[in-house]
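Coordinates in review
One letter stands for each residue in the lines below.
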Amino acid sequence: MKSIKKILEQKRLIRPVLVLLIGVMWIGVMLGACKPEENNQEPEPSGPTPLAWKKPANFPDPVYNLTKNPLTEEGVELGKFLFYDGILSSNQIIGCGTCHQQQSAFTHHGHELSHGVNDQLGRRNSPSIQNMAWNPAFFWDGGVFDMDFVPFNPIENPVEMGETVNHVLEKLRNTPDKSAKVQVDYPKMFKAAFGTPEITTERMMKALSQFMTTMVSAESRYDKFALGDVTALSTEEKEGLKLFRQNCGSCHEGELFTNFSFRNNGLAPLKANDQGRYEVTKSEADKYKFKVPSLRNISFTAPYMHDGRYKTLGEVMEHYTDKVINSETLDPLLRAGGKPGLNLSETEKESIISFLRTLSDDNFIKNKSFSDPGIGNAL
């Protein structure tokens, strides 16, 4: 009897515990049922991905204000697509990359003057696009002082792209275009680059600037020499460097090989009578002055001068020694001798040319980061 009583007492103790456990479990089930379903979709990116950018060790600080247009992976990618897309032109064919081709250090190799819409000829030779973030002024006449405003000129030039910026924006907003060979969703790309899909003039120009800012050329044999590798240049090339600095370095100075000034280098005016900087300033002192170009990658950028009149570096050197035309605005540095021009022997000219070839940056013209993503002339 005692054991039966004990068993009954134990059952009375267990029952409340079971009721409590069942109640807790029921509450847990109910709470679980009330929980929202888990979202298995990947979270949307919080914003554009910052892109690390570092200036070459032997370069000065850039003049472009990166704090107003920070580089991002998405912004640079958008800029690259815009750079190569024919959508910027009225005939849907001419993109920036048409006249600025990578294998030619982003010039129009072999063309004295650039070809635009409907194969119209421009007035000047396409300058190289490289190290743009260091430029305080753009184009041969220096008519633009901010890289963000550079694309306006070719887009709205009737001979180059023959478009209007407003119409380009409208076309971009209406992508993807079913008639295009390559489908590009620009609203989606603008959203990735700037947080929202709005396509504006400012955003388009900033994206192009971001891409152009990354187009840095600083890996030539000369750069290796400048950074301490004395074996990077041959004896003749070192002699050429010395002669270059003595005779050419006043204008093509520093690691960028230009001081970005405007000079009359004694070219005889052609039929078109391009007066260069004067057309911007209307100052008589600026007649026939043109921007001093960088000589980096000069082996890839023929023909030479603002009108592409010289096909070889030999012809360029011959100009400076034998063909300089005297005029009121001729650069004083080319008047120093008994006659206009430089006093150089044939051997010295060859040495300078040998040095100039050391400015070639093969990595720059082969860098896939700058290459056409497959959008070139896509429409």
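First, a word on scope: everything that follows refers to the structure included in this document. (Residues numbered from 1 in each chain as written. Predicted model: local features only at pLDDT ≥ 70, side-chain atom pairs only at ≥ 80, totals over all residues. Heavy atoms only, no water.)

The next point concerns the side chain of T175. Here T175 is to be found in the loop between α5 (165-173) and α6 (186-194). In this structure the side chain of T175 is engaged in a polar contact, spanning 2.6 Å, whose partner is the backbone oxygen of L172. At 3.4 Å, the side chain of T175 and the backbone oxygen of V184 are in polar contact. Aside from chain neighbours lying at most four places away, what touches T175 is I87, V184, D185, Y186 and P187. (Helix = DSSP H or I, 4+ residues; strand = E, 2+ residues; numbered from the N terminus. Polar contact = N/O pair within 3.5 Å; in protein donor to acceptor, adjacent residues only side chain to side chain. Contact = heavy atoms within 4.5 Å.)

The next point concerns the pattern of salt bridges. All told, the structure shown has 14 salt bridges when counted by the stated rule. Here D274 ties to R123 by a salt bridge, and the two come within 3.4 Å at their closest N and O atoms. With D274 in the loop between β1 (262-263) and α10 (278-281) and R123 in the loop between α3 (96-99) and α4 (152-156), the pair connects residues that are 151 residues apart, well separated along the chain. Overall, D274 belongs to the buried group, its relative accessible area being 11%. The residue D141 makes a salt bridge to R124 at a minimum N-O spacing of 3.0 Å. Taken together, the positions of D141 in the loop between α3 and α4 and R124 in the loop between α3 and α4 put the pair 17 residues apart, joining distant regions of the chain. Through salt bridges with shared partners, a single network forms among R123, R124, D141, D274 and E279. (Salt bridge = Lys/Arg side-chain N within 4 Å of Asp/Glu carboxyl O. Buried < 20%, exposed > 50% of the residue type's maximum accessible area, 1.4 Å probe, protein only.)

Moving on, we come to the packing of aromatic side chains. Within this structure, the stated rule accounts for 14 aromatic pairs. Ring centres of F257 and F355 lie 6.2 Å apart, and the angle between their planes is 45°; this geometry places the pair in the tilted category. A residue pair is termed long-range when its members are at least 10 positions apart, and F257 in the loop between α9 (235-247) and β1 and F355 in helix α12 (residues 346-356) qualify at 98 residues. Here the two residues F257 and F355 agree in accessibility, since each one is buried. Cluster of aromatic residues (ring-pair linked, three or more members): F83, Y84, F106, F211, F364 and F370. Lying over the aromatic face of F262, R277 brings its terminal NZ or CZ to 4.4 Å of the ring centre. Just above the ring of Y278 sits the side chain of K287; from NZ or CZ to the centre is 5.1 Å. (Phe/Tyr/Trp six-rings, centres within 6.5 Å; stacked < 30°, edge-to-face > 60°. Lys NZ or Arg CZ within 6 Å of the ring centre and 35° of its normal.)

A few words now on the environment of F145. For F145, the location among the structural elements is in the loop between α3 and α4. On the basis of relative accessibility, which here comes to 54%, the residue F145 falls in the exposed class. Taking C-alpha positions, F145 is 8.4 Å from N135, a pair spaced 10 residues apart along the chain. Look past the residues within four positions of F145 in its chain and what remains in contact with it is P136, A137, F138 and R277.

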